[in-house]
Amino acid sequence: MTYVLEILGDKWTFLIIRDMLFKGCCQYKQFIESDEGVATNILADRLKKLTQHGLITQCKDPENGRQKLYHLTEKGLDLIPSILHLVKWSGQYDPNTVLSNAIMQFLEGRFDEAVQIVRKEYLNNCHVH
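Please read all numbers here as calculations on a predicted model, not as lab measurements. (Residues numbered from 1 in each chain as written. Predicted model: local features only at pLDDT ≥ 70, side-chain atom pairs only at ≥ 80, totals over all residues. Heavy atoms only, no water.)

A few points about the pattern of salt bridges
Step number 1: Across all of its chains, the model carries 8 salt bridges by this definition.
Step number 2: For the salt bridge of Arg110 with Glu113, the shortest nitrogen-to-oxygen distance reads 2.8 Å.
Step number 3: Given a relative accessible area of 36%, Glu113 falls into the partly exposed group.
Step number 4: Taken together, the shared-partner salt bridges in this structure form one network comprising Arg18, Asp19, Lys23 and Glu36. (Salt bridge = Lys/Arg side-chain N within 4 Å of Asp/Glu carboxyl O. Buried < 20%, exposed > 50% of the residue type's maximum accessible area, 1.4 Å probe, protein only.)

Observations concerning the confidence of the model for the protein
Step number 1: Confidence in the prediction for the protein averages 90 pLDDT; 98% of positions are at 70 or higher.
Step number 2: The lowest-confidence element of the protein is helix H1 (residues 2-8), averaging 81 in pLDDT; the highest-confidence one is helix H5 (residues 74-77), averaging 96. (pLDDT = per-residue confidence, 0-100. Helix = DSSP H or I, 4+ residues; strand = E, 2+ residues; numbered from the N terminus.)

Considerations on helix H8 (residues 111-125)
Step number 1: When the terminal C-alpha atoms of H8 are compared, their 21 Å separation across 15 residues agrees well with the 21 Å that a helix rising 1.5 Å per residue should span.
Step number 2: By the burial criterion, the buried members of H8 are Phe111, Ala114, Val115, Val118, Arg119 and Tyr122. Seen along its axis, H8 keeps its buried residues to an arc of 130°; they face one direction. Turned more than 90 degrees from where H8 packs its buried face, Asp112 and Lys120 sit exposed. (Expected span 1.5 Å × (residues − 1). Arc of directions from axis to C-beta.)

Concerning the packing of aromatic side chains
Step number 1: Considering all chains together, one arrives at 2 aromatic pairs under this definition.
Step number 2: Both rings, one in Phe31 and one in Tyr70, keep their centres 6.4 Å apart while their planes meet at 65°; by these two values the pair is edge-to-face. With Phe31 in helix H3 (residues 28-32) and Tyr70 in strand E2 (residues 64-72), the pair connects residues that are 39 residues apart, well separated along the chain.
Step number 3: Over the aromatic face of Trp12 sits the side chain of Lys11, whose NZ or CZ is 4.6 Å from the ring centroid. (Phe/Tyr/Trp six-rings, centres within 6.5 Å; stacked < 30°, edge-to-face > 60°. Lys NZ or Arg CZ within 6 Å of the ring centre and 35° of its normal.)

Below you can see the structure in the form of structure tokens.
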């Protein structure tokens, strides 16, 4: 348990992974523009930590060599079930959830399929170079 808390023990790390999975974020600028407003020093630290622990990789953007692109590794993708369980839990108890009843029912009845859909969508929309 210490290992997971060391890596994922704060909200910013989860939000970075969420934004990668569900919003297609892969550039520093995209993470900064997220609604939660992460500070640049915190973002830089979390991206570095995620890279050091092998959850994401970074590479140069082929369209702009001065920018980096961040992508989930297989180890990072293995967090999808945990992330979806947390999304489901939040949707169940958060009075301000944006999750529809249809999504909640899908997560309840077809969870393994939801995991595969999220994984496939990420890999289809993520252009690892």
